[in-house]
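If you want the building blocks of each chain, they are given just below.
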Amino acid sequence: MWIYEKKQEFPVKIKTQNPALAKLIITQYGGPDGELGASLRYLSQRYSAVTPQSKAILNDIGTEELAHLEMIGTMCHQLSRDLDPDEIKKAGFDSYFVDHGCGVYPASAAGVPFTAAYFQSKGDPLTDLYENLAAEQKARSTYEYLMKMTDDPDVLEPLRFLREREIVHFQRFGEALEGVREYLDQKRQFVMPMPESMKDK
Amino acid sequence: MADCTPFDKTITVTKLAQAYVPIQKLCTLMEPTQALLAGTVFPELVDIYK
Amino acid sequence: MDRDSILKRLTVLDFLAVDLQLYLDSHPDCKEGIKKYNEVVNEADGLREQYENLYGPLFSYRSYSKKDQFNWTDDPWPWEMCFNFDIAEKEAEN
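Residues numbered from 1 in each chain as written. Chains lettered and ligands numbered in written order. Predicted model: local features only at pLDDT ≥ 70, side-chain atom pairs only at ≥ 80, totals over all residues. Heavy atoms only, no water.

> I tried to follow the interface of chain B and chain A on my own but got confused; where do I start?
Note on interface size: it is often stated as the accessible area lost on association of the parts. The interface is formed by 21 residues belonging to chain B together with 24 residues belonging to chain A. Across the interface of chain B and chain A, roughly 2,000 Å² is buried in total on both sides, 54% from carbon and sulfur atoms. Of all residues in chain B, Val21(B), Leu45(B) and Tyr49(B) give up the largest surface area on contact with chain A, accounting jointly for 32% of the area buried on that side. Across the contact surface, chain B and chain A share two salt bridges. Residue Lys15(B) pairs with Asp185(A) through a salt bridge whose shortest N-O separation is 3.1 Å. Counting across the interface, chain B meets chain A through twelve residue pairs in polar contact (both at pLDDT 80 or more). A breakdown of the residues in the side of chain B that touches chain A according to their chemical character gives 13 nonpolar, five polar and three charged. (Contact = heavy atoms within 4.5 Å. Buried area = accessible area lost by both parts, 1.4 Å probe. Salt bridge = Lys/Arg side-chain N within 4 Å of Asp/Glu carboxyl O. Polar contact = N/O pair within 3.5 Å; in protein donor to acceptor, adjacent residues only side chain to side chain. Nonpolar A, V, L, I, M, F, W, Y, C, P; charged D, E, K, R; others polar.)

As structure tokens, this is what we get:
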């Protein structure tokens with residue numbers, strides 16, 4: 001189950017509003033390669049994982065992505081506070097604003113609402129891990145594109161942190177992949193007995 | 001710790017049509033506050049952008 | 001230590017624990033990793049208690065409620081500006 005700790009994983013303190021930037025950063029909240037998708041992907045895949053290590057990794061990275069979701073939501077909230085209508089129009093924030101005001105809503109930068117179609121949970125332990133490797137790269141690229149869109153150090157610091165986390169997650173999924181491959185190849189002995197359904201693969 | 005390499009430069013490939021990621025080995029850890037700023041406590045995983 | 005300093009150190013330690021924990025998920029036999037992880041958790045525990053005594057509960061159903069009012073609900077919340085400390089007293093900008 002989940003416990004909430006009342007603090008951020010990485011501090012978010014953005015002194016300058018920038019609704020145009022909020023409109024872009026929201027894509028890591030509810031967009032195709034964002035943290036909500038990542039979190040649901042890994043937490044859903046957990047159930048059909050086969051090795052204790054890969055179950056742990058899916059569980060723990062899925063959980064960390066929720067913390068990242070909170071950071072992104074916080075960034076969008078702080079970037080879009082206290083705006084007047086002229087600022088809103090000038091920033092191209094008006095189409096988001098009429099549907100959500102200055103609230104936070106899971107959608108992509110283009111305004112497409114979040115959908116489970118953004119991720120897969122295939123029930124096949126190898127396929128799922130390959131999906132996850134790709135997902136972490138997509139997220140890394142997205143953070144790089146977002147970082148190109150601003151010079152504000154208050155925004156760049158959390159983005160830089162989040163980008164590096166994607167690289168670390170990729171490494172962990174890669175290690176999980178090796179463990180699952182060994183398990184399925186039966187090259188090692190594992191403490192966990194192989195379930196009947198996995199024999200004779 | 002002098003000769004610690006954080007990963008093996010050769011990978012044992014057991015079959016085709018698979019992707020292989022080298023396994024990390026623990027060597028050194030970053031200073032704590034630097035680790036938070038960098039986004040990881042493992043210096044070999046740091047990839048600086050720009 | 002003032003609030004920002006305690007929160008900063010706690011944030012740093014908890015992050016270390018998370019990154020180490022993820023590493024230990026795929027390296028469960030790494031004795032050195034486990035030792036470092038336990039050291040971090042130990043220091044974080046002490047600091048967490050200090051923070052909660054001074055500034056209120058960090059958990060909604062695990063932390064003691066030490067005042068007459070249930071101050072879990074107190075402002076500020078983590079998504080608000082004033083909750084967060086400045087990370088950028090830069091020791092070394094890369």
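> What's the story with the packing of aromatic side chains in this structure? I'm lost.
A ring pair, where both rings are aromatic, is described by two values, the distance of the centres and the angle of the planes. Counting across every chain of the model gives nine aromatic pairs over all chains. Chaining the aromatic ring pairs together yields one cluster made of Phe10(A), Phe161(A) and Phe15(C). Here the guanidinium or amino end of Lys6(A) rests over the ring plane of Trp72(C), the centre of that ring lying 5.1 Å away. Geometry around Phe83(C) places Arg3(C) over its ring, the cationic atom sitting 4.7 Å from the centre. (Phe/Tyr/Trp six-rings, centres within 6.5 Å; stacked < 30°, edge-to-face > 60°. Lys NZ or Arg CZ within 6 Å of the ring centre and 35° of its normal.)

> What's the story with the layout of surface pockets in this structure? I'm lost.
Here the largest pocket is characterised by a volume of approximately 1,400 Å³. Lining the largest pocket are 40 residues; nearest its centre among them are Ile3(A), Glu5(A), Lys7(A), Asp14(C) and Phe59(C). At the level of secondary structure, the elements contributing two or more residues to the lining of the largest pocket comprise α4 (52–79) of chain A together with α1 (3–26) and α2 (31–55) of chain C. Broken down by element, the lining of the largest pocket gets its largest block of residues, nine residues, from α2(C). In terms of residue class, the lining of the largest pocket is built from 17 nonpolar, nine polar and 14 charged. (1 Å grid on protein atoms, 1.4 Å probe; cavity = no way out; pocket = protein on both sides within 12 Å on 5 of 7 lines; lining within 4 Å. Points joined across faces, edges and corners; volume = space filled by probe spheres on them. Helix = DSSP H or I, 4+ residues; strand = E, 2+ residues; numbered from the N terminus.)

> What's the story with the interface of chain C and chain A in this structure? I'm lost.
With 36 residues of chain C in contact, the opposing surface of chain A contributes 33 residues. Considering only the surface of chain C that becomes buried against chain A, Leu22(C), Trp79(C) and Met81(C) emerge as the three largest contributors, covering 22% of it. Linking chain C to chain A there are four salt bridges. With a closest N to O distance of 3.6 Å, Asp86(C) and Lys13(A) form a salt bridge. On the surface where chain C and chain A come into contact, there are eleven residue pairs in polar contact (both at pLDDT 80 or more). Sorting elements by how many residues they give to the side of chain C that touches chain A places α1(C) first, with twelve residues. Along the lines of polarity and charge, the residues of the side of chain C that touches chain A split into 20 nonpolar, six polar and ten charged.

> Explain the pattern of salt bridges to me, please; I cannot follow it from the model alone.
A side chain with one charge may pair with a side chain of the opposite charge, provided their charged atoms come close. What the rule picks out here adds up to 22 salt bridges over all chains. Between Asp47(B) and Arg163(A) there is a salt bridge whose closest N-O contact spans 2.6 Å. With Asp47(B) in the segment after α1 (32–38) and Arg163(A) in helix α8 (residues 153–185), the pair connects residues from two separate chains. Look at Asp47(B) and you get partly exposed, because its relative accessible area is 38%. What you see here is one network of salt bridges that share partners, running through Glu5(A), Lys7(A), Asp14(C) and Arg48(C). (Buried < 20%, exposed > 50% of the residue type's maximum accessible area, 1.4 Å probe, protein only.)

> Teacher, can you tell me more about empty space enclosed by the protein here?
Take a probe with the size of a water molecule and roll it over the atoms, and the empty space left behind shows itself. All names here are of chain A. Under the counting rule described, the total for this entry stands at three cavities of 30 Å³ or more. Roughly 70 Å³ of volume is contained in the largest cavity. Along the walls of the largest cavity sit 13 residues, with Asp33, Gly34, Ala38, Arg41 and Ala135 positioned nearest its centre. Those elements that provide at least two residues to the lining of the largest cavity are α3 (35–45) and α7 (125–148). Here the lining of the largest cavity gets five residues from one element, more than from any other, and that element is α3. Tallied by class, the residues present in the lining of the largest cavity amount to five nonpolar, two polar and six charged.

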